Amino acid sequence: MAISLTLVMVYTAGLNTGSPEKATKNFIVFAIILGWSALISLLPIWRPVPPPPVNSETENGELAEQGVRMV
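Residues numbered from 1 in each chain as written. Predicted model: local features only at pLDDT ≥ 70, side-chain atom pairs only at ≥ 80, totals over all residues. Heavy atoms only, no water.

Describing the overall build of the protein chain
Turning to step 1, where the next piece is worked out: Tallying secondary structure elements over the protein chain gives three helices and zero strands in all.
Turning to step 2, where the next piece is worked out: When the helices and strands of the protein chain are listed from N to C terminus, the series reads α-α-α.
Turning to step 3, where the next piece is worked out: The proportion of buried residues among the 71 residues of the protein chain is 14%.
Turning to step 4, where the next piece is worked out: Carbon and sulfur atoms provide 70% of the accessible area of the protein chain, an area that totals close to 6400 Å². (Helix = DSSP H or I, 4+ residues; strand = E, 2+ residues; numbered from the N terminus. Buried < 20%, exposed > 50% of the residue type's maximum accessible area, 1.4 Å probe, protein only. Areas by Shrake-Rupley, 256 points an atom, 1.4 Å probe, with all protein chains shown as cover.)

In structure tokens, the structure reads:
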């Protein structure tokens, strides 16, 4: 969501402003939202999710099928 909001703010900050004052105001809001998003994403509460365990009993045919599905 933050990316879409950021892109909307970038678009409105420069293209459809109508006046320099409105462009300045929109850019300040864009900078605040971008800074807030960066701060939220850098909080120490975020921890990586461990990967799922590897199933060594899976045969080559099944692994090949999974690989083809991902492409």
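Here the narrative resumes, following the displayed structure.
Topic: the confidence of the model for the protein chain
Turning to step 1, where the next piece is worked out: For the protein chain, the average pLDDT comes to 79, and 75% of its residues sit at 70 or higher.
Turning to step 2, where the next piece is worked out: Across the protein chain, the secondary-structure element scoring lowest on mean pLDDT is helix α1 (residues 2–14), at 63, and the one scoring highest is helix α3 (residues 60–70), at 86. (pLDDT = per-residue confidence, 0-100.)

Comments concerning the pattern of salt bridges
Any two side chains of opposite charge can pair, so long as their charged atoms come close to each other.
Turning to step 1, where the next piece is worked out: Within this structure, the stated rule accounts for one salt bridge.
Turning to step 2, where the next piece is worked out: Between arginine 69 and glutamate 65 there is a salt bridge, with the nearest N and O atoms lying 2.4 Å from each other. Of this pair, arginine 69 and glutamate 65 both sit in helix α3, four residues apart, which is roughly one turn of that helix. (Salt bridge = Lys/Arg side-chain N within 4 Å of Asp/Glu carboxyl O.)

A word on a nonpolar patch on the surface
Turning to step 1, where the next piece is worked out: On the surface, Trp36, Ile40, Leu43, Ile45 and Trp46 cluster together to form a nonpolar patch covering roughly 560 Å² of accessible area.
Turning to step 2, where the next piece is worked out: You can see tryptophan 36 is positioned in helix α2 (residues 20–41). (Patch = residues over 30% accessible without salt bridge, like charges linked within 9 Å, V, L, I, M, F, W, Y side chains within 5 Å.)

Comments concerning the packing of aromatic side chains
Turning to step 1, where the next piece is worked out: According to the stated counting rule, one finds one aromatic pair in the structure shown.
Turning to step 2, where the next piece is worked out: Here phenylalanine 27 and phenylalanine 30 contribute two aromatic rings whose centre-to-centre distance is 5.7 Å and whose plane-to-plane angle is 45 degrees, an arrangement assigned as tilted. Pair noted here: phenylalanine 27 and phenylalanine 30 are both in helix α2, with a separation of three residues, about one helical turn.
Turning to step 3, where the next piece is worked out: Looking at phenylalanine 30, the relative accessible area reads 13%, which means it is buried. (Phe/Tyr/Trp six-rings, centres within 6.5 Å; stacked < 30°, edge-to-face > 60°.)

What to know about α2
Turning to step 1, where the next piece is worked out: Relative to the 32 Å expected for 22 residues at 1.5 Å per residue, α2 spans 31 Å between its end C-alpha atoms, a close match to the ideal helical length.
Turning to step 2, where the next piece is worked out: By the burial criterion, the buried members of α2 are Ala23, Asn26, Phe30, Ile33 and Ser37. Seen from one end, α2 has its buried residues packed into an arc of 95 degrees, which puts them on one side. Along α2, the residues that are exposed and aim more than 90 degrees away from the buried face are Pro20, Glu21, Lys25, Ile32, Trp36 and Leu39. (Expected span 1.5 Å × (residues − 1). Arc of directions from axis to C-beta.)

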